[in-house]
Amino acid sequence: MTHPRTVPAPRGATGDLADPAFWKQPPAQRLARFAELRQQPRPAFFTERRAGRRRPEQGFYALVRHADVLKASRLPRVFASAPGVTSPEPARWVRAVFGDSMVNLDGADHTRLRRIVQQAFTPRLLAATEVSIRELAVRIVDDMVAERPDEFVSAVASRMSFEVICAMLGVPDAYRRRIARQIDRASEHAGVRRSIGARLLSPGKGLRALARMQLTVARLGRERRRNPTGDLISALVCADVDGQRLTYRQLGSFFSLLLVAGVETTRNAIAHALSLLTDHPDQLALLRGDFERYADGAVDEIVRHSTPIIQFRRTVTSRYVLSGHTFLPGDKVMLLYASANRDADVFTDPDAFDITRDPNPHLGYGGGGPHYCLGAHLARLEIKAVLRELLTRPLAVRTLGEPELGTSNFDHRVRRQPFAFDAPRT
């Protein structure tokens with residue numbers, strides 16, 4: 001069933017959010033387009049390509065205002081995560097083979113799985129993880145100083161986020177290099193709409209990596225169920241909520257989510273942090289001058305300004321009016337966190353990078369509701385720990401040139417960020 005579309009969006013490469021070319025533009029141009037959309041009276045509709053054609057009944061509405069993204073996030077009964085939050089949505093056969101990730105579930109299914117996972121995050125486990133985060137940040141920066149690398153993502157940002165997750169899960173060292181390669185392959189095309197030819201020629205590259213990750217964690221899960229060792233995998237396979245435990249397929253699905261989402265998002269935030277502080281020396285000086293006073297605000301502003309997850313998709317389940325538009329069942333909606341975090345109705349001078357911004361109600365971890373990011377607290381700890389080691393030692397590091405960004409419509413990925421050491425501070 002179709003219904004009239006309001007506020008038609010431009011079809012050109014510069015303004016059409018459904019066109020892959022839009023996501024290849026510099027971030028500033030994309031943000032300018034979001035600002036235009038926030039001024040429109042109703043959510044704009046964008047028609048998506050299918051098999052080389054555009055059909056009016058296929059597409060999505062872009063929610064770009066902070067208030068609208070917040071409202072939709074907190075109404076999961078209307079704006080559902082199922083059948084998938086990524087663009088494009090996962091194919092049915094992929095969901096059948098690999099199971100549904102927690103981010104793609106709603107209602108009782110999501111609540112039940114989240115309760116099992118939350119029970120596994122015990123105070124003891126979280127306390128041990130906080131200690132390991134601080135210790136790891138020290139080791140990484142020690143190695144950086146000794147080895148003098150010239151690329152920040154691989155030397156610091158990726159290593160920090162990946163090793164924290166592996167340590168928390170209890171992934172043995174022997175597995176880690178292989179899993180790191182699998183993460184890169186599994187997430188390489190997230191949010192990228194490729195041609196039919198590309199999908200047919202290499203459809204299994206990411207899925208094979210995902211399958212291997214799930215086989216790895218299933219093997220570890222069986223071992224830990226027999227012999228628990230106090231790590232997160234042990235807690236997950238032993239957790240019992242109302243007589244229910246995670247199946248090995250659910251464990252594999254959560255493992256994949258935690259590795260890909262937890263590693264990628266925090267890695268990108270850390271990479272953007274160095275770039276932002278290099279480009280804003282006044283904010284860098286403020287943070288260095290009194291790190292403990294400004295660090296928490298700096299972390300939130302880094303996440304707001306960079307917004308590591310650009311958007312999630314929702315599917316409308318019942319008739320609902322929002323921002324003057326009547327949504328109908330089956331409509332697709334894109335929650336654009338990257339736009340909401342620059343909404344001038346909420347943030348004064350939203351394009352400015354200001355670590356003293358208060359309040360800072362950014363949506364970098366989602367807009368609340370049942371799908372608010374489980375790892376938000378750990379992400380903040382990781383970013384803060386890295387910044388502390390970089391900025392409170394007699395070091396001076398800075399980025400060289402612009403970061404090499406990915407072209408995904410899903411995450412604000414930093415592929416490479418050259419950097420250099422200046423003369424040590426005294």
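The structure presented is a predicted model; accordingly, all values stated were derived computationally and were not measured.

Student: Quick rundown of the overall build of the protein chain? Include the residues and the values.
Tutor: Each helix and strand in the protein chain was counted, giving 15 helices and eleven strands. Looking at the protein chain as a whole, 51% of its 426 residues qualify as buried. Summed over its atoms, the accessible surface of the protein chain is roughly 19,000 Å², and 53% of this surface lies on carbon and sulfur atoms.

Student: Talk me through the nonpolar core; I want residue IDs and the actual numbers.
Tutor: For soluble globular proteins, nonpolar side chains are generally found buried alongside one another. By size, the foremost hydrophobic cluster in this structure holds 79 residues, and its most contacted members are M160, L169, L232, F254, F255, L259 and L287. Ranked by residue count, the leading element in this core is helix α11 (residues 248-279), at 14 residues. Apart from residues no more than four positions distant in its own chain, L259 is found in contact with F162, I165, L169, I179, I183, M213 and E264. If you look at the next biggest cluster of nonpolar residues, it comprises 21 residues, including F79, I309, Y320 and V333.

Student: Help me get a handle on the pairing of strand β7 (residues 332-336), residues and values and all.
Tutor: Among the five residues of β7, five are classified as buried, and the element is accordingly described as predominantly covered. Across the two faces of β7 the burial is the same, with K332, M334 and L336 and V333 and L335 all buried.

Student: Let's hear about unusual backbone geometry: which residues, and what values?
Tutor: Each neighbour pair has its own omega, and for A82 with P83 the value is 5°, a cis peptide bond. Note that P83 resides in the loop between β3 (79-80) and α3 (92-98). Backbone torsion omega between D358 and P359 reads 5°, so that peptide bond is classified as cis. With respect to the element layout, P359 can be found in the loop between α14 (337-340) and α15 (376-391). For R148, which is not glycine, the phi dihedral falls at a positive 50°. Here R148 shows up in the loop between α5 (123-147) and α6 (152-169). Here the phi dihedral of T307 falls at roughly 40°; this positive angle occurs in a residue that is not glycine. As for its placement among the helices and strands, T307 is situated in the loop between α13 (291-306) and β4 (311-316).

Student: Account for a positive patch on the surface, with residues named and values stated.
Tutor: A cluster of basic residues, R177, R178, R181, R185, R208, R212, R219, R222 and R226, forms a positive patch at the surface. Contributing elements (two or more residues each) for the positive patch: α7 (173-187) and α9 (204-226). For the positive patch, the leading source of residues is α9, giving five residues. Within the secondary structure layout, R181 lies in helix α7. For R181, a relative accessible area of 40% gives the class partly exposed.

Student: Tell me about α15, and name the residues and values.
Tutor: In this model α15 runs 22 Å from its N-terminal to its C-terminal C-alpha over 16 residues, within 8% of the 22 Å that 1.5 Å per residue would give. With twelve of 16 residues buried, α15 is to be regarded as a mostly interior element. A376, L378, A379, E382, I383, K384, A385, V386, L387, E389, L390 and L391 are the residues of α15 that are buried.

Student: Give me the lowdown on the side chain of H272, citing residues and values where you can.
Tutor: Counting through the fold element by element, H272 comes out in helix α11. Residue contacts for H272: discarding those within four places in its chain leaves S306, L405, H412 and V414.

Student: Summarise the environment of Q29; cite the residues concerned and give the values.
Tutor: Structurally, the position occupied by Q29 is in helix α1 (residues 27-38). Taking the C-alpha atoms as reference points, Q29 and G15, separated by 14 residues in sequence, lie 9.1 Å from one another. At 3.5 Å, the side chain of Q29 forms a polar contact with the side chain of Q25.

Student: Please give an account of the packing of helix α12 (residues 281-289) against α13 that cites residues and values.
Tutor: Here α12 crosses α13 at 130°, and the two axes come no closer than 6 Å. With respect to their mutual orientation, α12 and α13 come out oblique. Residue-level contacts link L286, L287, R288 and G289 of α12 to F291, Y294, A295 and A298 of α13.

Criteria and thresholds
Residues numbered from 1 in each chain as written. Predicted model: local features only at pLDDT ≥ 70, side-chain atom pairs only at ≥ 80, totals over all residues. Heavy atoms only, no water. Helix = DSSP H or I, 4+ residues; strand = E, 2+ residues; numbered from the N terminus. Buried < 20%, exposed > 50% of the residue type's maximum accessible area, 1.4 Å probe, protein only. Areas by Shrake-Rupley, 256 points an atom, 1.4 Å probe, with all protein chains shown as cover. Core = buried A, V, L, I, M, F, W, Y, C linked by side-chain atoms within 4.5 Å. Contact = heavy atoms within 4.5 Å. Patch = residues over 30% accessible without salt bridge, like charges linked within 9 Å, V, L, I, M, F, W, Y side chains within 5 Å. Salt bridge = Lys/Arg side-chain N within 4 Å of Asp/Glu carboxyl O. Lys, Arg positive; Asp, Glu negative; His and termini not counted. Charge placed at Lys NZ, Arg CZ, Asp CG, Glu CD. Expected span 1.5 Å × (residues − 1). Polar contact = N/O pair within 3.5 Å; in protein donor to acceptor, adjacent residues only side chain to side chain. Axes fitted to C-alpha atoms, helices over the stretch in contact; angles between N-to-C directions. Parallel < 35°, antiparallel > 145°, perpendicular 65-115°, else oblique.

Any functional reading would require information beyond the geometric quantities listed.
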